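Descriptive structure summary
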Amino acid sequence: MYRLAFQSHTVARPPVTGDTAGLLIGRDAACGLRLTDAGVQDRHATIDCRADGYFIRDLTTSAGVHVNGTAVTDQRLTTGDEIEIGSVRFTFEVVHQPPPDRRTFDPWQFLGAGIIAALVVGQLALFVWIFTQPHPRHARTDFTANQPTPSPTPVAPTNTPALLPLTTGTTSTPEVLSRMIKIIRADRPDTGTLRLLIKAQVGDRQLDPKAIAISVQCSPAAIQWLTIPATWENFKTKELSIRLPEPCPGCIVRTYYRNQPQDSATIP
């Protein structure tokens, strides 16, 4: 931005301020700075803003433009230059725009920003604390109500139900309990060996084979316990077998996990 301050004029005129757009000077009504003084042409000169400063350019062929007493056709202007167009003289000054007004400090806005920042930092700290807490390797992930803490070593149940009536070639409806250790199939071929297909689908993150127990009962006094494999992945199926005593008209298969009955089936 620049300013043109008149030095000599018959009538006092306020300074003229220009910006980056070109300022056309002359007698014509379309000029940005209209001068009707003697020696001024219709379109006498223009002040343009270029990359390296402000320049005044003579648009006439004979009247001319003088800067600091020297006739020029295209001259870069600096603060304090005296410009003469016809009988009019004025001083060129570069005016720097004032900085934008600073916003008034608002304590309520500052307080609100502080509260929001504190909430964000608190949530981040909470997440970091949660994810850095140690998690037990064998922690339970199921939260079934009223489940007592079992012993790691399975034991036989104390209340053994009466042997269900057996009919050759038929299978009774299994007693469905938690069924985390589920009997998928039970085959008893003529060889006298019982083959069982058992699937583990417990709620623990990692299955504990030592907590599994599977019993086969041929009579109220004859109960056999299967040998559980040392490794058994959760949601995997194992095929187990056991030799049945003679005579054994039928048997009851029961599964346990952490001393809790899981599944049962009657096998003819």
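Residues numbered from 1 in each chain as written. Predicted model: local features only at pLDDT ≥ 70, side-chain atom pairs only at ≥ 80, totals over all residues. Heavy atoms only, no water.

This brings us to the overall build of the protein chain. Scanning the protein chain for helices and strands turns up one helix and 18 strands. The 268 residues of the protein chain split such that 32% are buried. Long-range contacts, defined here as pairs at least 24 residues apart, represent 52% of the contacts in the protein chain between residues at least 6 apart. Taken as a whole, the protein chain presents about 17,100 Å² of accessible surface, with 56% of it coming from carbon and sulfur. (Helix = DSSP H or I, 4+ residues; strand = E, 2+ residues; numbered from the N terminus. Buried < 20%, exposed > 50% of the residue type's maximum accessible area, 1.4 Å probe, protein only. Contact = heavy atoms within 4.5 Å. Areas by Shrake-Rupley, 256 points an atom, 1.4 Å probe, with all protein chains shown as cover.)

Strand order across the open sheet formed by five strands is β4-β3-β5-β6-β9, with mixed pairing between neighbours. Edge positions in the sheet fall to β4 (33-34) and β9 (74-77), since each has one partner strand and no second. (Pairing = 2+ DSSP bridges.)

For the structure on display, the rule yields one disulfide. Disulfide pairing is shown between Cys218 and Cys248; the S-S distance is 2.4 Å. Classification of the bridge connecting Cys218 and Cys248 rests on its S-S torsion, roughly -85°, and on that basis the disulfide is left-handed. Taken together, the residues span a long stretch of sequence, with Cys218 in strand β14 (residues 212-219) and Cys248 in the loop between β16 (237-243) and β17 (251-257) at a distance of 30 residues. Since its relative accessible area comes to 4%, Cys248 is described here as buried. (Disulfide = S-S within 2.5 Å.)

What follows deals with the packing of aromatic side chains. Counted under the stated rule, the structure contains five aromatic pairs. Seen from their ring centres, Trp225 and Tyr256 are 6.0 Å apart, and the 45° between their planes marks the pair as tilted. Of this pair, Trp225 sits in strand β15 (residues 222-225) while Tyr256 sits in strand β17, placing them 31 residues apart in sequence. Exposure remark for Trp225: the relative accessible area of 35% places this residue in the partly exposed category. Positioned above the aromatic ring of Phe55, the side-chain terminus of Arg50 is 4.3 Å from the ring centre. (Phe/Tyr/Trp six-rings, centres within 6.5 Å; stacked < 30°, edge-to-face > 60°. Lys NZ or Arg CZ within 6 Å of the ring centre and 35° of its normal.)

Now for a nonpolar patch on the surface. Where nonpolar side chains cluster on the molecular surface, the patch consists of Ile116, Val120, Leu124, Leu126, Phe127, Trp129, Ile130 and Phe131 and spans about 890 Å² of accessible area. Looking at where Leu124 falls in the secondary structure, it is placed in helix α1 (residues 107-132). By relative accessible area, Leu124 is classed as exposed at 52%. (Patch = residues over 30% accessible without salt bridge, like charges linked within 9 Å, V, L, I, M, F, W, Y side chains within 5 Å. Salt bridge = Lys/Arg side-chain N within 4 Å of Asp/Glu carboxyl O.)

Looking at the secondary structure, you find Asp81 in the loop between β9 and β10 (82-85). Within the buried core, Asp81 has no salt-bridge partner, and the shortest N-O distance to an opposite charge, that of Arg76, equals 7.6 Å. Side chain to side chain, Asp81 and Asn68 meet in a polar contact 3.1 Å long. Among residues more than four places away in sequence, those in contact with Asp81 are Val67, Asn68, Arg76, Phe90, Thr91 and Phe92. (Lys, Arg positive; Asp, Glu negative; His and termini not counted. Polar contact = N/O pair within 3.5 Å; in protein donor to acceptor, adjacent residues only side chain to side chain.)

Okay, the pairing of strand β11 (residues 88-94) next. Where β10 and β11 come together, four bridges link them in antiparallel fashion. Bridge assignment links Ile85 to a residue of β11, and that residue is Val88. As consecutive antiparallel partners, β10 and β11 are separated by two residues, and within that stretch Gly86 has a phi angle of approximately 60°, a positive value.

Right, let's get into the nonpolar core. The nonpolar side chains of soluble globular proteins are, as a tendency, buried together. Of all hydrophobic cores here, the largest spans 26 residues; its most connected members are Leu194, Ile212, Ile214, Val216, Val253 and Tyr257. When residues of this core are traced back to their parent elements, those giving at least two are β12 (181-187), β13 (193-200), β14, β16, β17 and β18 (260-267). Sequence-distant contacts of Val216, defined by excluding residues within four places in its chain, comprise Leu194, Ala222, Ile223, Gln224, Leu226, Ile242, Leu244, Cys251, Ile252 and Val253. Core analysis: the second largest hydrophobic core is formed by 22 residues, Tyr2, Ala45, Tyr54 and Val65 among them. (Core = buried A, V, L, I, M, F, W, Y, C linked by side-chain atoms within 4.5 Å.)

Another point: unusual backbone geometry. For the bond from Glu246 to Pro247, the omega torsion is -10°, close enough to zero to count as cis. Among the structural elements, Pro247 can be located in the loop between β16 and β17. Phi is positive for Asn68, close to 55°, though the residue is something other than glycine. Assignment of secondary structure puts Asn68 in the loop between β7 (65-67) and β8 (70-72). Asn68 gets classed as partly exposed once you look at its relative accessible area, which sits at 44%. Positive phi values are uncommon outside glycine, yet Phe235 reaches one of about 65°. Within the fold, Phe235 resides in the loop between β15 and β16.

The sheet built from three strands is open, its strands ordered β12-β13-β16 with antiparallel pairing. Each end of this open sheet is capped by a strand with a single partner; those strands are β12 and β16. Each strand axis lies, on average, 25° off the axis of its neighbour in the sheet, ignoring direction. One ladder, built from seven bridges, connects β13 with β16; its direction is antiparallel. Paired with Thr193 across the strands is Arg243, a residue of β16. (Axes fitted to C-alpha atoms, helices over the stretch in contact; angles between N-to-C directions.)

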